[in-house]
Structure formats: structure tokens, C-alpha cells
Amino acid sequence: MHETTAMLIELGAIILVLGLLGRLAGRVGFSPIPLYLLAGLAFGQGGILPLQASEEFVATGAEIGVILLLLLLGLEYSASELVTSLKTQYPSGAVDLVLNATPGAVMALLLGWGPVAAVALAGVTWISSSGVIAKVLGDLRRLGNRETPVVLGVLVLEDLSMAVYLPILTALLAGVSLAGGTVTLLIALGTVGAVLYLALRHGRLISRAVSSDSAEMLLLVVFGLTLVVAGIAQHLQVSAAVGAFLVGIALSGEVAEGAGVLLTPLRDLFAAVFFVFFGLHTDPADIPPVLLPALALATVTALTKIATGYWAARRAGISAKGRWRAGGTLVARGEFSIVIAGLAVGTEPRIGPLATAYVLILVVLGPITARWTEPAARHLTNRLHPAPRPTSPTPPTTEPTEAVGTGR
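In this text, all values refer to a predicted model and were calculated from it rather than measured experimentally. (Residues numbered from 1 in each chain as written. Predicted model: local features only at pLDDT ≥ 70, side-chain atom pairs only at ≥ 80, totals over all residues. Heavy atoms only, no water.)

Caption draft 1: Focus on the packing of helix H9 (residues 215–235) against helix H10 (residues 240–250). At a minimum axis separation of 7 Å, H9 and H10 run at an interaxial angle of 140°. What the angle tells us is that H9 and H10 run oblique. The handedness of the crossing between H9 and H10 comes out as right-handed. For the pair formed by H9 and H10, the contact residues are Leu225, Thr226, Val229, Ala230, Ala233 and Gln234 on the first element and Ala240, Gly243, Ala244 and Val247 on the second. (Axes fitted to C-alpha atoms, helices over the stretch in contact; angles between N-to-C directions. Helix = DSSP H or I, 4+ residues; strand = E, 2+ residues; numbered from the N terminus. Parallel < 35°, antiparallel > 145°, perpendicular 65-115°, else oblique. Left-handed = near helix turned anticlockwise from the far one by under 90°. Contact = heavy atoms within 4.5 Å.)

See the structure below:
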């Protein structure tokens, strides 16, 4: 009884603190993710108030948070939208991968962490934060801008790439052989292909089977189905997050909209718990030694993301102003970077502190670059190539001129 009471008090205190931090972030128009990570650092090992009784519950809640993050993301996209994005935006996705995954991989190798950690840190620096970016676009009232579909296209490709990347990373972290890893990848690709085919051909039938006039029944069926599929996917080493993402893609229409509305509060709660859980397992004393690499990595990958957005918008025929806005908007990293780092912590513990510092820097910098990259680029261009000053008109001459064509 005493342990249950202590767990309830600790859990209640955590959720209360998260609510207050979220309210503070909302008032200043900022993402709450950095505050949640800092709360985890405060409650975790080496922190101010280490947790004891509720840690196991928080760990389970963190797993549910990752699943709900990917499920809600999948509900935002239909299978046809994903296929269209693949056909039209794949060159931008390739540029995004090369420019932004390479710095992470190189940094891990320079730090002597080995090839598996290099693959993990490449993912940390590659994936932008869909949640933070969506909020920034709404706050800046850019949802109707011409460059916004380009930004969303890059994000969709990144999200879809997770269905291939996460199984590969999971297999590498588990020490699976080359043959086993190939089988895992083939299973992942086959599953993704099958789900996309079913969603395209029979999406209405799937949605109709899940649909219910009762909000309670819809919530229970969608949430239960997601947990079952996520568990099966994890058993097959395809990643629970990918399974949840595929469930979201398979649902469409009114079912997807209704499920999204019902599950959003649950996602927000458990996603906050996930960020806290990640912070709990990061000792604050481990962050200062990796702060300089995190700053260097943040600087380089902020610039490479700006270059990615600029190139993608230019390819789409967007004006120079829109290109800079697209690049600045893509800078923020967040939930996916933490998910990837959380998977890799068991193999390379130092990736946790580095990812925490890296995300803290870029989740703060992201809204700033989204707002100021274009004005800064315009100011720099004007300084380097000033517009010519207008010349004053030539005054009319007072000297007599010879008449032309008068016959005189």
C-alpha cells in the first residue's frame, strides 16, 4: 500500500509539473519539448529530485508515448498522399538524407563510437521534428504559403523513411547478422508495401470495419488495434513505432479524423511522459563533456537543413524568399531524434546526453530560424549586392539646336 501511495504521489507530481511547464511554453509561444527534457533531467539520476516508486510506470508510459506519436502522424497522411510524395519529392528526400545524416555519422566516428552508433546518430541529425514544425507554421500563419507543401513533402518522406530506417537500426542494435538483418529489412519493406497496397485499394473497407458511432468504442478499437500491431511488429524486430505508423496510414476519412481528435490528448500526455523518461536516463553531469560536439553538430546541421529546404523549394519553382523560409522552417529537431537516441542508448550510453543537448539546442533554434532566416538572407544580399542608386534626370540644355527635317 505504501509503495502504491508513493507511486501515485510521484506520478501526480510529474504530470502536474508537466502541465505547468506546457502552460508556460504555450504562453511564450514555444515548444514544450525542451522543458519536458529538463524536467526529466531534474527528476532522474543525478538530478534534484530522483524518482523511485514510479519509474517502472513511467517507462511503460514512454513506450506508449512513442506508439501514439507515430500513430497520430500516420493518421495525418493518406496512402495516396504518401505515394504522390514519393513520386514527386524523392530527389529532395535524397538530398535531405545525404546532407543531414552524414554529419551525425561522421561525428560518431570521430568520437570513436563505432559504426552502429554512427547509424544511430545519423538518424538523430537527419529527421526534423514534424510536431514542432507544424506548430511553427501555424503560429507564423504560413500554412497557405507556396513553400509549405514543399516543407510538408520533405517531412512526409522523412516519416516514411522511418519505416525502413528503424528496422535496420533495431537489427544492428540487436547484433543481428547480415543475413538476419536482410530478412528483417525485407519483412519491413514487405509490410510497408502491403499496408500501402491495402490502404490504397481497400482503405474504405478497413476504415468501415473500425468505424463506430460511439466515440468510446472507436477509441478502444483503434488504440487496442495499434498496440497489438505494434507488439507484433516489435516481435518481428520491425519496430513498434513503425507498426503504429502503418496503422495510422491504413485508416482514412472520417475514422482517421475522429480517431485523431480522440487520441490527441492521450498522445500529448504520454509523449510528455516519454520526453521525461528520456531525461530520467540522462545524467546531467554527462552533458557538459558532449556540449561542444552537440553545438558543432547543431551548427552544421542547421545550415544543411536550410540548404535542403532551399534546394527543394527552388526545384519546385518557389521564389527566393520562399526558399529561405522553407530552409529555416526545417531546422527544428525533436521527438524522432529522441526516439532514435533512446533505442541506441543501450549500445552507446554517451549518445543519450549528446542527443539531449543537440535537441535542446535545435528545438530552441528552430522557431528562430523559421522566422528570421529569410529576413537575414535578404539583409545579407542587400549588403553584398546593394541596389544601384537612382540617377538624377539630365537637365534640359539651353543651347539652340539645329532643326532637323525642316528643309531650311
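Structure's up, so let's keep going.
Caption draft 2: The arrangement of a nonpolar patch on the surface in detail. Together, Leu291, Leu292 and Leu295 give the surface a local cluster of nonpolar side chains, amounting to about 290 Å² of exposed area. Along the chain, Leu292 falls in helix H12 (residues 287–315). What makes Leu292 exposed here is its relative accessible area of 67%. (Patch = residues over 30% accessible without salt bridge, like charges linked within 9 Å, V, L, I, M, F, W, Y side chains within 5 Å. Areas by Shrake-Rupley, 256 points an atom, 1.4 Å probe, with all protein chains shown as cover. Salt bridge = Lys/Arg side-chain N within 4 Å of Asp/Glu carboxyl O. Buried < 20%, exposed > 50% of the residue type's maximum accessible area, 1.4 Å probe, protein only.)

Caption draft 3: Highlighting the environment of Arg208. Counting through the fold element by element, Arg208 comes out in helix H8 (residues 178–210). Judged by its relative accessible area of 59%, Arg208 falls in the exposed class.

Caption draft 4: Structural context of the nonpolar core. Leu37, Leu70, Leu71, Leu121, Val222, Leu263 and Ile340 are the most contacted members of the largest nonpolar core, which has 108 residues in total. With 13 residues, the single largest contributor to this core is helix H11 (residues 253–280). The residues touching Leu70, leaving out its near neighbours within four places in the chain, are Ala241, Ala244, Phe245 and Phe336. (Core = buried A, V, L, I, M, F, W, Y, C linked by side-chain atoms within 4.5 Å.)

Caption draft 5: Layout of the pattern of salt bridges. Considering all chains together, one arrives at 6 salt bridges under this definition. For Glu348, the salt bridge goes to Arg350, with nearest N and O atoms at 2.8 Å. Classification of Glu348 as buried rests on a relative accessible area of 9%. Within this structure, Asp96, Glu158 and Lys305 form a network of salt bridges that share partners.

Caption draft 6: A look at the packing of aromatic side chains. Under the defined criterion, the tally for this structure stands at 2 aromatic pairs. Ring centres of Trp126 and Tyr165 lie 6.0 Å apart, and the angle between their planes is 90°; this geometry places the pair in the edge-to-face category. Of this pair, Trp126 sits in helix H5 (residues 115–126) while Tyr165 sits in helix H7 (residues 148–173); the two residues are 39 residues apart in sequence, bridging distant segments of the chain. Each of the two residues, Trp126 as well as Tyr165, counts as buried. Relative to Trp324, the ring of Tyr310 lies with its centre 4.7 Å away and its plane at 55°, an arrangement referred to as tilted. One end of the pair, Tyr310, is in helix H12; the other, Trp324, is in helix H13 (residues 320–329), with 14 residues separating them in the sequence. Judged by its relative accessible area of 22%, Tyr310 falls in the partly exposed class. For Trp324, a relative accessible area of 30% corresponds to the partly exposed category. (Phe/Tyr/Trp six-rings, centres within 6.5 Å; stacked < 30°, edge-to-face > 60°.)

Caption draft 7: Region of the structure containing the confidence of the model for the chain. Mean pLDDT for the chain: 81, with 86% of residues reaching 70 or above. Scored below 50 in pLDDT, residues 399–408 makes 0 contacts in the model with residues more than four places away or belonging to other chains. (pLDDT = per-residue confidence, 0-100.)

Caption draft 8: Just the side chain of Ser128, in detail. With respect to the helices, strands and loops of the structure, Ser128 is situated in the loop between H5 and helix H6 (130–139). Separated by 2.8 Å, the side chain of Ser128 and the backbone oxygen of Leu330 make a polar contact. (Polar contact = N/O pair within 3.5 Å; in protein donor to acceptor, adjacent residues only side chain to side chain.)

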